[in-house]
Each structure stands twice: as structure tokens, then as C-alpha cells.
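Single-letter residue listing:
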Amino acid sequence: DTQSNSMIYKFKELLELNIRKVHTVQQYADILQVNRQQLNTLAKKHFGKTSKEVIHQRLLQEIKMELRYSDKTIAEIAFALNFSEPNNLTRFFRNFTNTSPITYRATYQNDRFLP
């Protein structure tokens, strides 16, 4: 169990360091030198979520921070977070929040209304 705790700690650390550039389970598994299924099993055990869900949750948090606390355009945020196109960021964001990045920013920028 100590080994799995160590691995999941490394995963979370890598996530914090690389979330702006690395978005796939396979990339994190490769860095950690485990297979995707092992990483997924550990994530489910420790977080109750798949590794993909953990990555997406952290990426969504990063997008929300950019929308709230920066004046970057959606395109600038998309490229800073390694999305190939701004509409991919918009689609990703809408899928998880049921709102557009622009609407989210207008509502929550500079913590006007904390969700």
C-alpha cells in the first residue's frame, strides 16, 4: 500500500506540474512508467474516480482560474493550456459545466459569485 500511496502522490504532483501541457492518461502513465490500467486502478482506489476524471477535473479547475483571474481571451487560454483550437476548450468546458467559458467569466470573474 505504501507503493500505491507513493505512486498516487507522484501522479498528483505530476498533474500539478504538467496540467497545462499534459492531458492524457497515457502520457501520465508513461511518465510514471506504469500502464494506464494500473494508474486507473490507483486513481479509483484513492480518489473514487478514474485517472481521466481526475485529469479532467484538474484541467477544468485550471480553466476556471484563468477565466476568473486573467483577462486572456478564450483563444489565449486555449493555447496556454495546450488545446489545439479554442473551440475544443469551449466544448470541453461546456461539457463539464453546461455553460460557455464567456458566460462563466461574466458571472464569476474576480469572484463576484463563488460557486
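An account of the accompanying structure is given in this report. (Residues numbered from 1 in each chain as written. Predicted model: local features only at pLDDT ≥ 70, side-chain atom pairs only at ≥ 80, totals over all residues. Heavy atoms only, no water.)

## Focus: the overall build of the chain
To keep things clear, this is the line we draw: Helix and strand assignments come from DSSP, with helices taken as H or I runs of at least 4 residues and strands as E runs of at least 2, each series counted from the N terminus. Each residue is assigned to one of three classes by its accessible area relative to the maximum for its type, calculated with a 1.4 Å probe on protein chains only: buried under 20%, partly exposed between the two thresholds, exposed over 50%. The contact criterion used is simple: two residues touch if any of their non-hydrogen atoms lie within 4.5 Å.
Along the chain, the regular secondary structure elements total 7 helices and 0 strands. Starting at the N terminus, the α and β elements of the chain follow one another as α-α-α-α-α-α-α. Considered along the principal axes of its C-alpha atoms, the chain spans approximately 45 × 30 × 20 Å. Every one of the 115 residues in the chain was classed for burial, and the buried ones make up 39%. Within the chain, counting contacts between residues at least 6 apart in sequence, those at least 24 apart form 57% of the total.

## Overview of the nonpolar core
Put simply, the rule is: Nine residue types can take part in a nonpolar core, namely buried Ala, Val, Leu, Ile, Met, Phe, Trp, Tyr and Cys, and a core is a set of them joined through side-chain atoms within 4.5 Å.
Core analysis: the largest hydrophobic core is formed by 30 residues, its most contacted members being Phe11, Tyr28, Leu39, Ile63, Phe83 and Leu89. Looking at which element gives the most residues to this core, the answer is helix H4 (residues 51–69), with 6 residues. Tyr28 has contacts with Phe11, Leu14, Leu15, Asn18, Ile19, Val22, His23, Leu39 and Ile55, leaving out every residue within four places of it along the chain.

## Some points on the packing of aromatic side chains
Selection rule: Aromatic pairs are defined between Phe, Tyr and Trp rings, using the six-membered ring for Trp, whenever the two ring centres lie within 6.5 Å; interplanar angles under 30 degrees are classed as stacked, those over 60 as edge-to-face, and all others as tilted.
Applying the stated criterion across every chain, the model contains 5 aromatic pairs. Taken together, a centroid distance of 5.3 Å and an interplanar angle of 75 degrees make the contact between Phe93 and Tyr104 edge-to-face. Placement of Phe93 in helix H6 (residues 86–97) and of Tyr104 in helix H7 (residues 101–108) is noted, with a sequence separation of 11 residues between them. According to the relative accessible area criterion, Tyr104 is buried, its value standing at 5%.

## Here we look at the packing of H4 against H6
The test is simple: The axes are straight lines fitted to the C-alpha atoms, using for helices just the contacting stretch, and the angles between their N-to-C directions are given from 0 to 180°. By the definition adopted for this analysis, an angle is roughly parallel if under 35 degrees, roughly antiparallel if over 145, roughly perpendicular if from 65 to 115, and oblique otherwise.
Interhelical geometry of H4 versus H6 gives an angle of 105 degrees and a closest axis separation of 11 Å. Looking at the two axes, H4 sits roughly perpendicular to H6. Packed against H4, whose contacting residues are His56, Leu59, Leu60, Ile63, Lys64 and Leu67, the element H6 presents Leu89, Phe92, Phe93, Phe96 and Thr97 at the interface.

## A few points about the environment of Met7
Along the chain, the position of Met7 falls in helix H1 (residues 2–18). For Met7, a relative accessible area of 16% gives the class buried. Separated by 29 residues in the primary sequence, Met7 and Arg36 have C-alpha atoms spaced 13 Å apart. Among residues more than four places away in sequence, those in contact with Met7 are Leu32, Val34 and Leu42.

## What to know about unusual backbone geometry
Within the chain, Asn82 stands out as a residue other than glycine whose phi angle is a positive 65 degrees. By the secondary structure assignment, Asn82 is in the loop between helix H5 (74–80) and H6. A relative accessible area of 41% means that Asn82 is categorised as partly exposed.

No statement about biological role is implied by the geometric values presented.
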